[in-house]
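Descriptive structure summary
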Amino acid sequence: MTGSFPAAMLLKSLPEISLVILAGLVLLLSLVWKKRPPQALTWITIAGLMLCLLLALLFALPVKGPYLIWGGLLKIDVLSFLFRMIFLTGAALTVLISVERQPSQGQGEYLALLITSVFGMCLMAASADILMLYLAIEITAMPLFILAAFQFRQKKSAEAGLKYFLYGAMTSTVMVFGFSLLFGISGQTGYSAIAAALEPDRLPVSLTAGIFMLVLVGFLFKVSAAPFHFWAPDVYEGAPTPIAGFLSTASKAAGFAALLRILQEVFRASPELRFGLLAAAAVASMLIGNFLALRQKNLKRLLAYSSIAQAGYILVGAAVGTPLGASGAIYYLIAYLVTNLAAFGAVAVVSSNTGSDQIAAFSGLNRRNAALALVLGAALLSLGGVPVFAGFFGKFLVFASAVQAGAVWLAVIGVLNAVVGLYYYLNLLKVMYLDPVPEGSGPLTVVFPWKAALLVCAAGILVLGFIYRPWYHWADLAAQMLLLH
Amino acid sequence: MQFPYLSVLIFTPLAAAVILLLLPNRQARLIRAIALTASALVLGLSAALFFISSPVVDGYRFIEKIDWLPELGISYHVGVDGFSLPLLLLAGLVAFSGVLVSWNVQDRPREFFSFFMFLVASVLGVFSSLDLFQLFFFFELAVFPKYLMIVMWGSPQTREYGGMKLTLYLFLGSVVALVGVFALYFGSGLNTFDMLALEKAGLPLAFQQIWFPVIFIGFAVLAGIFPFYSWAPDGHVAAPTAVSMLLAGVEMKVGAFAALRIGIELLPQGAQHWAWLILLLGTINVVYGALLAMAQKDLKYVIGYSSVSHMGLVLIGFAALNQQGLLGAGLQMFSHGVMTALFFAVVGMVYDRTHTRDIGQLGGLARFMPLAAFGFIVSGLVSMGMPGFSGFVAEIPIYLGAWRVAPWVAVVSAVSIVITAAYILLVVRRVFFGEVPQSLSALEDIHTRDKLVVLMLSLVMIAVGLLPGLISAGISDGVNRILQLLGGSL
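Predicted model only: the values in this text are computed from it and were never measured.

The subject of this paragraph is the overall build of chain A. Helices and strands together make up the secondary structure of chain A, namely 20 helices and two strands. For chain A, the C-alpha atoms occupy an extent of roughly 70 × 55 × 40 Å along the three principal directions. Looking at chain A residue by residue over its 485 residues, the buried ones come to 65%. Within chain A, contacts between residues at least 6 apart in sequence are counted, and of these 79% link residues at least 24 apart. Accessible surface computed for chain A: about 16200 Å², of which carbon and sulfur atoms make up 71%. Across chain A, the mean location of the 28 positive side-chain charges is 7 Å away from that of the 17 negative side-chain charges.

Following this line, the structure appears as C-alpha cells:
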C-alpha cells in the first residue's frame, strides 16, 4: 500500500507541510511586521492551525485502509488522523489561553516553537519507523524545553526548562538505546520488519522484554507516568501556565498515540509482557499521582499530580490492548484535552489576575466570577470522572475494558483511585464555592481570547460527556484499524 | 408513539437547573418561581402517571427507547412499573416540599435551586431507568449537587466533614457496583446494557454468586446498609433542610432501588444464595439503628439514625424474596420517604426558630407551632408502625415475609418497634410538650408554606395508611414480576 506517486503523498502530509510553513511565516512576520496590532500573530496562528485542520479533513481523511507514505516512514490511518485533530485543537486552545502571557518581544518565537512542536506531534502519531519516531519525538520535545523555560528571568521557569530538558534527554537516550537494539536484531527500521524479527520463535522473549523496557522508558516520560513522572510537578509549576496545559494534554496524547502504535505494530507478539509492564506502570501512576495530589497547596502542582494519575487511568486501556481498551484510551485523551485545558485556562486567568496559583487564590471564586467557577468546577468533576462530564465516559471505557480482559483487579484499583481523586477535586470545589473571598481581591477580568478558549473547552466537556456516538465512532475506528493485523 | 411522559418528567428539572444557572443571583424571585414551577410540574406529572393509561410491555409502562451508543448497546431507555411509580411520586412530593421549605434561602439562591433541581432530575432518572448505563449515569449525576449543597448551605460545624463523607461513601459504593455491572455486561455476552434483555440472560449460578454481593451491597451503601451506614446520619444532619429531606427521603431509596433492580432482578439466583447475609445485615440495621437513634441528644441525629433503622426493614423485605416481603419493602420505601422528609422538614422549622437542635434545650413547642407538632407526631406514628398510618401497612407485610423465611429475623427486628416507640415518644414529649425553657419564649408559628408542606405530607401518609390499595396494587404487579424472575413460587 505504499503511496504510488508523490502528489498523493504530498497531499496526505499537507497538514504537516502547512504547519512548517506556518511556523516560518509567524517567525518572519514577527521580524518584519513591526507595526502589527498586539494580537495579530495570535489570530494568524489560530487561523493557520484551523486551516491545517481543514486541510487534514479535506485531503488526508483516511477513508480507506492505512497508507504508508514517504517510503514507509509515516502511516496515515485513523489513529494518526484523529490525533492530528487533537494536537491542532489543543494547540489552538493553548494559543488562545497564552494571549496575555506572551512577552511582547518573544511572541513570534513562542508561537513558532509551539507550532513546531505540534508538527513533531503529528509525525509522532504517524511514525511507522523507529528512526522517524525518534526524530519526531525530538522535534516535539526541543521546542517544549524552550517553551517551559520561556519566562527565563523567573527562577522557577528556568528551572522547569532545565529539569524537563535533562529528564527528556536522559529518557530519550535510554529509548534510543532500545531502538538501536531493535535495529541490530532486525537490520531494519520499519515497524513491520522489526515486528517480524521479534516473533517468539526468532528471538527469546526475555530479550524482547529487555528491549521493551528500554523503549518504554521514553514513553513513560512522555506521558508523565510513574516511575518517570518526577519532572512533571516542577515543570508544570514553573512553566508558563498555558505551556503546562499543553504539556499535560497534547504532549501526553502524542506519547500515547505513538505508544499505542508501537505496542500494536512492533511488540504485538508479547501481549502478556505488555500487559504486565503497563499495568504495573498504570497502578503506580494512579497511586502516586492521587496520593501525592492530596497534599498539594499549589493548583498547578496539584494538576501535575492529577495528570500523573490520569496517565495511569489511560495506561489501563493501553495495557489491556483490546479494541475497547485502545478506543477507551483514545476517548479518554480527547476528553482529557478539553478538560485539562479548561483547568489550566482557569488557572491562567486567576493567576494573571492575582499573581498567584496557590489553591488559596481560588477561594470564593464562585462569588468573584460564577462562570469561571462553573467552568473550573466542570473541569475538575470531569477529571474526577463524574457524569455529565467528559471524563466520566473515558473512565467508564477504560475500566470496562479491564473487566472485559479479565483484569477485574485492575478495574477495582482504578475505581478506588477514582474515589481518592474525587476527594481532592471536591475539596477544590469547596474552596471555590464555600471559602470566603480573600480580602482586597477585586473582580476578575477575563479577556476575550480566554473567554473563547474556556467556552470551547466547557462545551467540549459537556458534549463529550453525554453525546458519545461520533467521538466513540472515531476512537473505535482508530483502534480497529490499529489492531487489524 | 405515546407522549414522552417520563422524559418530560426527567428533563423538566434538568432544564430548570440549567436555566437557573444562567440567571443572575439578584433575580431571587424569578429563581424561586422557576424552581417552584418545575417542582410543581414534577409533582403533578408524577401523580398523573397513576391515572394515565399506557401499553404494558414486559411489565413496564411509558416505555421510551432511543439509541445512545448502539456500538456498546447503550440506550436511553425509560419505563416504570408498579414498583417505581410510587417512588416517582415520592420524588415529586419531596421536590415540591423541598422548594417550599427552602423559600427563604438568602445565600446564592441561583446555585441552591439549580443544584436542587439537578438532584431531583438525578433521582427521577434512576427510578425510570431500564438501561444499566443510564441508571448509573443518573445515579452519579447526583454527586456534585449533593456535595456542594451540603457544603455550601449545611450547618457550619459539620458540613465539610459530613458532605465529604457522604459523597465519598456513595461514590465508593457505586463505583464498586460499577465493576459488577461491567462483569454483568461482559458475562452475559449480549453486548447490551438493556436491563430487560439482561434479565433473560440466564447467567451461570457461580457467576451470580460471585457478583451479587458486589452489586447489591455497592448500591445498598446508599440505602445505609450496615456496616456502611455512618455517612447517613452525618451527611443528613449536616445538610440543609431541603437536602436532608431529599437525601434521606428519596436518595436512600435510589440506593435500595438500584440494589433491587440490578442486584436482585438481574442476579436472582445470586440473591437467593446471599439472602441470609442481607437478612442479617438488614436486621442489624433495624435494631442497631434504632438503638443509636435512642442515644442521640441532637434532634436531627435522631431522625438520621431512625432512617438507618427503617431502611433496614426495606432490605429485610427485599431479602425475604417473597410476595409479602417485597410488597412491604415497596410500601416502606414510599412510606419512609414521606415520613422522613416530613421529619426533617419539621426539624428544620424548629431549628429555624429556636436555633438549636439539642433536645435538652427544647420544650413545649406545640404551644407555638401546633401544626409542626402535628406533623412530627404523624411522622412518629408512621415510624412506630401505628395502624391507620402508612408505616403499619408497610411494616406488617415485611414482618410476615421475614417470618416465612427466617422467623428469628422477624422476632429480632420486631424489637425495634418498641425501641422506636420509646425514642419517638420521648422526643415528642420533650420537644413539643412540657415546660417551655426560658430561652424559648415567644416563638413565631411556622409559615403558611411550611404548613402546606406538613399538611400535604401528613395527608399522604394517612391516605396510604387508610387506603393502602392506592399504591399497593401497582406494587403487587411489580412484585409478581420479580417473583417470576426468581423462579415462580417462593
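Alright, that's what it looks like, and here's the rest.
A few words now on the confidence of the model for chain B. Residue-level pLDDT values for chain B average 91, and 99% of them are 70 or greater. At the level of chain-chain contacts, confidence expressed as ipTM amounts to 0.91, with global pTM at 0.94.

Take the environment of B:Lys300 next. Residue and element names in this part refer to chain B. The residue Lys300 is located in helix 13 (residues 299-320) in this model. Residues Lys300 and Gly82, spaced 218 residues apart in sequence, show a C-alpha to C-alpha distance of 32 Å. A polar atom in the side chain of Lys300 sits 3.3 Å from the backbone oxygen of Val237.

On to the side chain of B:Arg61. Residue and element names in this part refer to chain B. Looking at the secondary structure, you find Arg61 in strand 1 (residues 61-69). Within the buried core, Arg61 has no salt-bridge partner, and the shortest N-O distance to an opposite charge, that of Asp477, equals 7.5 Å. Among the polar contacts listed, one links the side chain of Arg61 to the backbone oxygen of Ile52, at a separation of 3.0 Å.

Let's shift gears to the interface of chain B and chain A. Tallying the contact residues gives 38 residues for chain B and 41 residues for chain A. A:Arg367 serves as the salt-bridge partner of B:Asp107, at 3.5 Å between the closest nitrogen and oxygen. The tally of links between chain B and chain A comes to seven residue pairs in polar contact (both at pLDDT 80 or more). Among the secondary structure elements, those contributing two or more residues to the side of chain B that touches chain A are strand 1, helix 4 (109-128), helix 5 (132-141), helix 6 (143-153) and helix 7 (159-188) of chain B. Counting residues per element, the side of chain B that touches chain A draws most heavily on helix 7 of chain B, at 13 residues. Taken together, the residues that form the side of chain B that touches chain A break down as 29 nonpolar, one polar and eight charged.

A separate point is the packing of aromatic side chains. Summed over the entire model, instances satisfying the criterion amount to 58 aromatic pairs over all chains. Aromatic pair A:Tyr313 and A:Phe399: ring centres 5.9 Å apart, planes at 80 degrees, arrangement edge-to-face. Taken together, the residues A:Tyr313 in helix 13 (residues 299-320) and A:Phe399 in helix 17 (residues 390-404) connect sequence positions 86 residues apart. Here A:Tyr313 matches A:Phe399 in class, with each residue buried. The lysine or arginine in question, A:Lys12, covers the ring of A:Tyr67, its NZ or CZ lying 4.8 Å from the ring centre. Residue placement shows B:Arg357 over the ring face of B:Tyr351; its charged tip is 5.6 Å from the ring centre.

The next point concerns the environment of B:Gly79. Residue and element names in this part refer to chain B. For Gly79, the location among the structural elements is in strand 2 (residues 74-80). As a C-alpha pair, Gly79 and Ser7 span 72 residues in sequence and 9.7 Å in three-dimensional space. Setting aside residues no more than four positions away along its own chain, Gly79 makes contact with Leu6, Tyr60, Arg61, Phe62, Ile63, Phe127, Ser128 and Leu130.

As a further point, take the packing of helix 18 (residues 408-433) of chain A against helix 6 of chain B. Angle between the axes and distance between the axes: these two values describe a pair of packed helices. Remark: helix 18 of chain A packs on helix 6 of chain B, axes separated minimally by 10 Å, with the N-to-C direction vectors making an angle of 45 degrees. The pairing of helix 18 of chain A with helix 6 of chain B is recorded here as oblique in orientation. Crossing handedness for the pair helix 18 of chain A and helix 6 of chain B: right-handed. Across the interface between the two elements, A:Leu422, A:Leu426, A:Asn427, A:Leu429, A:Lys430 and A:Tyr433 of helix 18 of chain A pack against B:Val143, B:Tyr147, B:Leu148, B:Val151 and B:Met152 of helix 6 of chain B. Class assignment for the residues of the contact of helix 18 of chain A with helix 6 of chain B results in nine nonpolar, one polar and one charged.

Below, the discussion takes up the confidence of the model for chain A. Chain-level statistics for chain A give a pLDDT mean of 90 and a share of 98% at 70 or above. Here helix 1 (residues 6-12) of chain A stands out as the least confident element of chain A, with mean pLDDT 77; helix 13 of chain A is the most confident, with 95.

Turning our eyes to something else, we now look at helix 12 (residues 271-293) of chain A. All names here are of chain A. Counted at 1.5 Å a residue, the expected span for helix 12 with its 23 residues is 33 Å, and the 32 Å between its end C-alpha atoms agrees. Leu273, Arg274, Leu278, Ala279, Ala281, Ala282, Val283, Ser285, Met286, Gly289, Asn290 and Ala293 are the residues of helix 12 that are buried. Among the structural elements, helix 9 (205-222), helix 11 (241-265), helix 13 and helix 18 are those in contact with the buried residues of helix 12.

Okay, helix 17 (residues 407-432) of chain B next. Between its first and last C-alpha, helix 17 of chain B extends 37 Å over 26 residues, near the 38 Å set by a 1.5 Å rise per residue. The first or second residue beyond helix 17 of chain B is B:Gly434, which carries a positive phi of 80 degrees.

On to a nonpolar patch on the surface, then. Residue and element names in this part refer to chain A. On the surface, a nonpolar cluster with roughly 540 Å² of combined accessible area is contributed by Leu11, Leu51, Leu54, Leu57, Leu58 and Phe59. In terms of residues, the nonpolar patch owes the most to one element, helix 3 (residues 40-59), which gives five residues. Inspection of the secondary structure assignment puts Leu57 in helix 3. The class for Leu57 is partly exposed, based on a relative accessible area of 38%.

One buried charged residue, B:Lys300, remains without a salt bridge, the closest side chain of opposite sign being B:Asp298 at 7.9 Å. Here B:Lys300 is in contact with B:His236, B:Val237, B:Ala239, B:Pro240, B:Thr241, B:Ser244, B:Phe344, B:Val347 and B:Arg357, once residues within four sequence places are set aside.

Peptide bonds are, in most cases, trans, and in most cases residues other than glycine have a negative phi. Following A:Ala226, the chain continues into A:Pro227 via a peptide bond in cis, with omega recorded as 0 degrees. Examined against the element boundaries, A:Pro227 turns out to sit in the loop between helix 9 and helix 10 (231-238). With omega at 10 degrees, the peptide bond leading from A:Pro387 into A:Val388 counts as cis. Along the chain, the position of A:Val388 falls in the loop between helix 16 (370-384) and helix 17. A positive phi angle is found at B:Asn191, which is not glycine, with a value near 55 degrees. Structurally, B:Asn191 can be placed in the loop between helix 7 and helix 8 (195-199). Of note in this structure, B:Leu321 is not a glycine but carries a positive phi near 55 degrees. You can see B:Leu321 is positioned in the loop between helix 13 and helix 14 (323-354). By relative accessible area, B:Leu321 is classed as buried at 6%.

Calculation rules
Residues numbered from 1 in each chain as written. Chains lettered and ligands numbered in written order. Predicted model: local features only at pLDDT ≥ 70, side-chain atom pairs only at ≥ 80, totals over all residues. Heavy atoms only, no water. Helix = DSSP H or I, 4+ residues; strand = E, 2+ residues; numbered from the N terminus. Buried < 20%, exposed > 50% of the residue type's maximum accessible area, 1.4 Å probe, protein only. Contact = heavy atoms within 4.5 Å. Areas by Shrake-Rupley, 256 points an atom, 1.4 Å probe, with all protein chains shown as cover. Lys, Arg positive; Asp, Glu negative; His and termini not counted. Charge placed at Lys NZ, Arg CZ, Asp CG, Glu CD. pLDDT = per-residue confidence, 0-100. Polar contact = N/O pair within 3.5 Å; in protein donor to acceptor, adjacent residues only side chain to side chain. Salt bridge = Lys/Arg side-chain N within 4 Å of Asp/Glu carboxyl O. Nonpolar A, V, L, I, M, F, W, Y, C, P; charged D, E, K, R; others polar. Phe/Tyr/Trp six-rings, centres within 6.5 Å; stacked < 30°, edge-to-face > 60°. Lys NZ or Arg CZ within 6 Å of the ring centre and 35° of its normal. Axes fitted to C-alpha atoms, helices over the stretch in contact; angles between N-to-C directions. Parallel < 35°, antiparallel > 145°, perpendicular 65-115°, else oblique. Left-handed = near helix turned anticlockwise from the far one by under 90°. Expected span 1.5 Å × (residues − 1). Patch = residues over 30% accessible without salt bridge, like charges linked within 9 Å, V, L, I, M, F, W, Y side chains within 5 Å.

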